[in-house]
Each structure stands twice: as structure tokens, then as C-alpha cells.
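Coordinates in review
Listed below are the residues making up each chain.
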Amino acid sequence: MVHRYCMASEEFIGNEMKKQRESQCTQKTISLLSPLGTIQVSGCENGVHTIQILMDVAPAERSVKAPMSCVVNDSPAEMSPELQRCVEWLQAYFSEPQTTGSLPLPAFHHPTLQGDAFTSRVLQVLLRDVKLGDTVSYKRLAEMAGNPKAVRAVGGAMRRNPVPLLIPCHRVISSSGQSGPYMSGKGDHLKQWLLTHESQRLEG
């Protein structure tokens, strides 16, 4: 009993230390104008913390011939190398997504992506193994993460993904082949847009 209590205490202390490190970061936010509307990227010297799709406009009409653009709308005077790397990746994703596989990803510095918790493991597996143009079911992703019965937990991990687009939770679909919810159901149309964007560019 004492042993279990000690383990729980250590886990609690570890989580509190992560939160403290997060709060000590000096974060800066960059605003991008993308085909999905405004995207805000926040991060510090150590890496990217969050990506937010604000859904302030309807997604742009796609054209196979015309490249999409993603431009910086507002940025701090000094941008960390990791934020710069993130911006460059997002710009490539919208204009020529097939090139992103050769680009370096920024470091991540959000507590959800640290440690060995199931959510972190699922997101890391998704990032590593589900490539551009591919999709994976919630069930299959649970198997890939080492826990076939954790289908609902995989759904929870997708909802807690702090860096959508970079970690492609939009590529996780239902076993029936339906695209499934995105951004708690508010961004279902964006999920379909992203999947079509990727498949069209690969076909082109």
C-alpha cells in the first residue's frame, strides 16, 4: 500500500514539475494566414507548444494546379529556430505537401508530448508511422501503440493533440471508412479538406 502511494506521489510530483517547466517558458505566438483561416503557433526556445486553427473563415477552394499559400500575418520581432522551422513546415504543407517528408520537424515542448504516458505514445506513433496520404483507424492505431483495447483512449489522445497538422490526427478515421470527428466535431469539414488536400497533391 505504501509502495503504491509512493508511486502515485512520484507521478504527481513529476506532473507538477512538467507544469512548472511549462509555465516558466517564455512563449511567443506567430499568426499565419492559411487556406484554413488563421493558424496560431505558440512556442519557446525549446520547441513548439501549441498550434491552433481558429476557423475564422471558410476553407479555401482547392485547385490542383494553383498552389496554396500560408503567409505570416503577425510575428514577434525575434523568432526562435524551432518556431521558424514550424512556420516553414506549415508553408510547405499547404503549398507542396509532398515535400514535407524531407523537411525537419520542430521540437515539441508541450507536457502532453513528454514522458511515456499512453497519449504521448499514441501521438508519437501517429507522427512516425502514418505518412502523408495515408489514413489509419482508431482501432489500428491502438494496436500500433501497443494496446488494442484502448480505442476510446486513442480518440481522447486525438482530442488532446496540442500540435495538429504536425502530428496528423486528421488522418485517424473510423473503421467504417468515415472520416470521423475533428476538433471535437467543430472542424469535421476541415478534416475532409485536409484529407482531400493530401490525396489531390499526391495524385497531381
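Residues numbered from 1 in each chain as written. Predicted model: local features only at pLDDT ≥ 70, side-chain atom pairs only at ≥ 80, totals over all residues. Heavy atoms only, no water.

**Points about the layout of surface pockets**
There is about 510 Å³ of room inside the largest pocket. Met158, Arg159, Tyr182, Met183 and Ser184 are the residues nearest the centre of the largest pocket, which is lined by 23 residues in total. At the level of secondary structure, the elements contributing two or more residues to the lining of the largest pocket comprise strand S3 (47–53) and helix H5 (151–159). Its residues placed into classes, the lining of the largest pocket shows 12 nonpolar, six polar and five charged. (1 Å grid on protein atoms, 1.4 Å probe; cavity = no way out; pocket = protein on both sides within 12 Å on 5 of 7 lines; lining within 4 Å. Points joined across faces, edges and corners; volume = space filled by probe spheres on them. Helix = DSSP H or I, 4+ residues; strand = E, 2+ residues; numbered from the N terminus. Nonpolar A, V, L, I, M, F, W, Y, C, P; charged D, E, K, R; others polar.)

**What to know about the sheet that holds strand S1 (residues 28–34)**
The four strands lie next to each other as S3-S2-S1-S4, forming an open sheet whose pairing is antiparallel. This sheet does not close on itself; its edge strands, each paired only once, are S3 and strand S4 (71–74). Averaged over all pairs of adjacent strands, the angle between their axes in this sheet comes to 30 degrees, without regard to strand direction. Summarising the sheet, strand S2 (residues 37–44) and S3 pair through six bridges and their orientation is antiparallel. Across the sheet, the residue bridging to Gly43 is Val48, located in S3. (Pairing = 2+ DSSP bridges. Axes fitted to C-alpha atoms, helices over the stretch in contact; angles between N-to-C directions.)

**A few points about unusual backbone geometry**
Negative phi characterises most residues that are not glycine, and trans characterises most peptide bonds. Even without glycine at this site, Leu165 takes up a positive phi of about 80 degrees. Structurally, Leu165 is set in the loop between H5 and strand S6 (172–173). A positive phi angle is found at Ser184, which is not glycine, with a value near 60 degrees. Inspection of the secondary structure puts Ser184 in the loop between S6 and helix H6 (188–203).

Taken by themselves, the reported measurements are silent on function.
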